[in-house]
Amino acid sequence: MTSFRDITDRLAAEGNLRRIPSGAISGSIVDLSSNDYLGLAMRPGLQEEFFSRPGATAIPMTSSASRLLASHQDEYHSLEALLSELYGRAALLFNSGYHANTGMVSAIAQAGKTLIVADKLAHASIIDGMTLSKAPFTRFRHNDLNHLRHILDKEAAGYEHALVIVESVYSMDGDRADLQGLAGIKRDYPGVLLYVDEAHAFGVEGKRGLGLSRSSEHYSDIDIVVGTFGKACASMGAFCAVAPDLRDYLVNRSRSLIFSTAMPPVTAAWTQFMIEKIVNMDSERAHLKTLGEQMQKILSPLSPGFPVTVSHILPFVVGDPRRAVTLSAGLLDHGFKVLPIRVPTVPPGTDRLRISLNAALDKADINRFGEALKSICAGEK
């Protein structure tokens with residue numbers, strides 16, 4: 001039997017060993033690795049405002065039970081009601097995006113009745129949900145809807161449903177799903193259920209920051225919308241927006257909901273407080289888009305083999321884990337925290353720096369980063 005030490009030694013030799021960071025970063029370091037896309041996690045005054053509201057300090061800090069058993073439900077119901085109003089559908093809370101995807105995919109996809117077809121770059125939580133479902137699954141080439149159609153033509157007829165799963169904004173590449181094209185596929189294949197994970201779009205993209213699905217003219221074609229609170233919303237947890245009968249089904253069949261202690265009620269209250277702020281932050285979203293355009297212009301000449309999309313998530317693909325680690329260390333010396341992303345998070349040969357922007361940055365920060373990256377790259381030659 002191969003020892004655990006042998007495995008970690010091999011990972012270290014390959015440049016793929018991971019370690020949990022220690023401590024907080026210095027105030028002089030610009031953090032380009034966080035998913036705090038609107039820059040709200042450390043914005044002064046928000047916590048003080050939240051806890052100054054009547055009754056806020058009396059909200060329980062723990063649920064002490066699963067959602068189906070918890071005695072204190074007011075904050076959950078209030079947050080779900082807000083989300084239902086915003087999305088025009090029933091809403092259900094989960095403890096995290098991972099809980100949402102593993103719980104929902106494994107519950108919705110029924111062995112022998114459902115074929116799952118997911119984008120090749122779908123998040124690990126979706127892959128784990130597919131595995132847990134025990135339903136057959138396959139993946140189509142990233143954003144290649146012709147390949148998706150080919151799979152459905154070949155395999156879908158043998159099942160009651162085909163669950164097609166995509167992300168609206170992909171977590172490692174920052175590019176977008178073709179929601180219009182996916183809606184066309186749904187109309188052409190009556191048994192398709194369309195599942196869109198908005199984890200990296202919620203708060204950032206679309207009208208009022210509600211994601212790309214809600215703003216799409218094809219919103220009615222999307223059966224399951226998933227969003228998370230631990231990124232732009234500066235909280236934790238997740239939700240789905242679905243038809244009422246599907247919500248009832250998930251309450252009875254989603255194991256990650258049924259068998260997990262629910263998020264603290266105070267967290268649900270904080271999330272609602274933040275969403276009520278976020279829906280009015282159009283100026284922050286516009287500023288973030290401008291920063292993305294600026295960063296894309298910097299990265300594109302340095303990355304001729306990998307197209308860089310204008311986004312709040314921009315990859316600098318280097319293709320080698322050791323080089324990614326070295327570049328990350330060099331950027332930290334220049335005052336920028338940008339962590340290396342390696343196998344298995346991304347496919348082999350696409351090791352990268354994942355540059356994550358936030359609305360608290362300014363154009364000068366982006367320019368300084370560009371100069372640092374160009375300097376480091378020039379020194380490699």
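Only a predicted model underlies this, so the values are computations on that prediction, with no experimental measurement involved.

Participant: Summarise the packing of aromatic side chains; cite the residues concerned and give the values.
Facilitator: Aromatic ring pairs: the centre-centre distance and the angle between the two ring planes describe each pair. All chains considered together, the criterion is met by nine aromatic pairs. The interplanar angle of 50° and the centroid separation of 5.3 Å between the aromatic rings of Tyr87 and Phe239 together place this pair among those described as tilted. Within this pair, whereas Tyr87 is found in helix H3 (residues 74-87), its partner Phe239 is found in strand E8 (residues 238-242), the two being separated by 152 residues in sequence. Residue classification places Tyr87 among the buried residues on the basis of a relative accessible area of 1%. In this structure an aromatic cluster arises from ring pairing among Phe50, Phe51, Trp270 and Phe273. Positioned over the ring face of Tyr219 is Arg89, at 4.1 Å from the centre of the ring.

Participant: Could you give me a rundown of the pattern of salt bridges, with the residues and numbers involved?
Facilitator: Within this structure, the stated rule accounts for 14 salt bridges. A salt bridge links Arg43 to Glu284, with the nearest nitrogen and oxygen atoms 3.3 Å apart. With Arg43 in the loop between strand E1 (30-31) and helix H2 (46-51) and Glu284 in helix H12 (residues 282-299), this residue pair connects regions lying 241 residues apart in the sequence. On the basis of relative accessible area, Glu284 is assigned to the buried category, the value being 17%. One salt bridge connects Arg368 with Asp365, and the closest N-O pair in it is separated by 3.2 Å. With Arg368 and Asp365 both in helix H14 (residues 363-380) and three residues apart, this pair spans about one turn of that helix.

Rules and cut-offs
- Chains are numbered independently. Their residues run from 1 in the order of the written sequence.
- Totals for whole chains, interfaces and linings use all residues, but because this is a predicted model, local features are given only for residues with pLDDT of at least 70 and pairs of side-chain atoms are given and counted only at 80 or more.
- By convention in this description, side-chain values take in all heavy atoms of the structure and omit both hydrogens and water.
- Put simply, two rings from Phe, Tyr or Trp (the six-membered ring, in Trp's case) pair if the centres are within 6.5 Å, and we call them stacked under 30 degrees between planes, edge-to-face over 60, tilted for the rest.
- Under the scheme used here, helices are H or I runs from DSSP no shorter than 4 residues and strands are E runs no shorter than 2 residues, and both carry numbers assigned from the N terminus.
- The classification of residues rests on relative accessible area computed with a 1.4 Å probe and restricted to protein chains. Under 20% of the type maximum is buried, over 50% is exposed, and intermediate values are partly exposed.
- Any Lys NZ or Arg CZ that is within 6 Å of a ring centre and within 35 degrees of that ring's normal is treated as a charge sitting over the ring.
- By salt bridge we mean one thing: a side-chain nitrogen of Lys or Arg within 4 Å of a carboxyl oxygen of Asp or Glu.

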